[in-house]
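The residues making up each chain are set out below.
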Amino acid sequence: MRLLLLLLVAASAVVRSDASANLGGVPSKRLKMQYATGPLLKFQIWRVFEEYMRVISQRYPDIRIEGENYLPQPIYRHIASFLSVFKLVLIGLIIVGKDPFAFFGMQAPSIWQWGQENKVYACMMVFFLSNMIENQCMSTGAFEITLNDVPVWSKLESGHLPSMQQLVQILDNEMKLNVHMDSIPHHRS
């Protein structure tokens, strides 16, 4: 029973630390970088972007490049969080040997009996199956790029990643447009 309590405390600490890591939905990394100068090119991705970052930083040394995970819809994040805690509770119950079905006045299913006879395999199965579902819930397949908070590419809309040439052409156009807009005198009406 003490092990189950420790598992619940650890799971709640993980959920709390995840919630406090995003202060109101704003990553702490953004707070540190908001005072830096130059245009900001932001990649919101799920996979690695080192190749894009290397080429862009060589071509545009003044651009700051940030990468972050593109968060899935809140319902999927909540499902993944629930599964993370549920997985720990279920593994704790398997290890301790408590029958949760007896608490509800139900007969334990045969898979529970198998889990009690094969605790190591049952715990591994719960852990890996839960992780698989959690990863599926958190995966978006996104590759979103913004320049100074203006979207310049969206894999979610286009359905594919930009080639390096496409991305460089888009950035060239955006940078020329920004320079042109900055050189136009502003008139008051």
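Note that the structure is predicted; figures quoted are calculated from it, not measured. (Residues numbered from 1 in each chain as written. Predicted model: local features only at pLDDT ≥ 70, side-chain atom pairs only at ≥ 80, totals over all residues. Heavy atoms only, no water.)

Asker: Just checking my understanding: could you explain the packing of aromatic side chains for this structure?
Answerer: Each aromatic ring pair is characterised by the separation of its centres together with the angle its planes make. Under the counting rule described, the total for this entry stands at 4 aromatic pairs. Look at F82 and F86: their rings are 5.7 Å apart centre to centre, the planes differ by 15°, and that puts the pair in the stacked class. You can see F82 and its partner F86 sitting in helix 4 (residues 74-96), 4 residues apart, about one turn around the helix. The exposed category is assigned to F82, whose relative accessible area is 54%. The exposure class of F86 is partly exposed, given its relative accessible area of 41%. Look at F127 and F128: their rings are 5.3 Å apart centre to centre, the planes differ by 80°, and that puts the pair in the edge-to-face class. (Phe/Tyr/Trp six-rings, centres within 6.5 Å; stacked < 30°, edge-to-face > 60°. Helix = DSSP H or I, 4+ residues; strand = E, 2+ residues; numbered from the N terminus. Buried < 20%, exposed > 50% of the residue type's maximum accessible area, 1.4 Å probe, protein only.)

Asker: Any chance you could explain the pairing of strand 6 (residues 150-154) here in plain terms?
Answerer: Sheet topology note: the strand 5 (residues 143-147)/strand 6 ladder contains 4 bridges and is antiparallel. Bridge assignment links I145 to a residue of strand 6, and that residue is W153. From the end of strand 5 to the start of strand 6, which pair antiparallel, there are 2 residues, and N148 there has a positive phi angle of about 55°. (Pairing = 2+ DSSP bridges.)

Asker: What's the story with the packing of helix 4 against helix 6 (residues 110-117) in this structure? I'm lost.
Answerer: Two quantities define a packed helix pair, namely the angle between the helix axes and the distance between the axes. Helix 6 packs onto helix 4 with a crossing angle of 65° between their chain directions and a minimal axis gap of 8 Å. Judged on the interaxial angle alone, helix 6 and helix 4 are roughly perpendicular. Our pair here, helix 4 against helix 6, has a crossing hand that is right-handed. Here L90, L93 and I94 of helix 4 come into contact with helix 6, specifically with W112, G115 and Q116. Classifying every residue of the contact of helix 4 with helix 6 by side-chain character gives 4 nonpolar, 2 polar and no charged. (Axes fitted to C-alpha atoms, helices over the stretch in contact; angles between N-to-C directions. Parallel < 35°, antiparallel > 145°, perpendicular 65-115°, else oblique. Left-handed = near helix turned anticlockwise from the far one by under 90°. Contact = heavy atoms within 4.5 Å. Nonpolar A, V, L, I, M, F, W, Y, C, P; charged D, E, K, R; others polar.)

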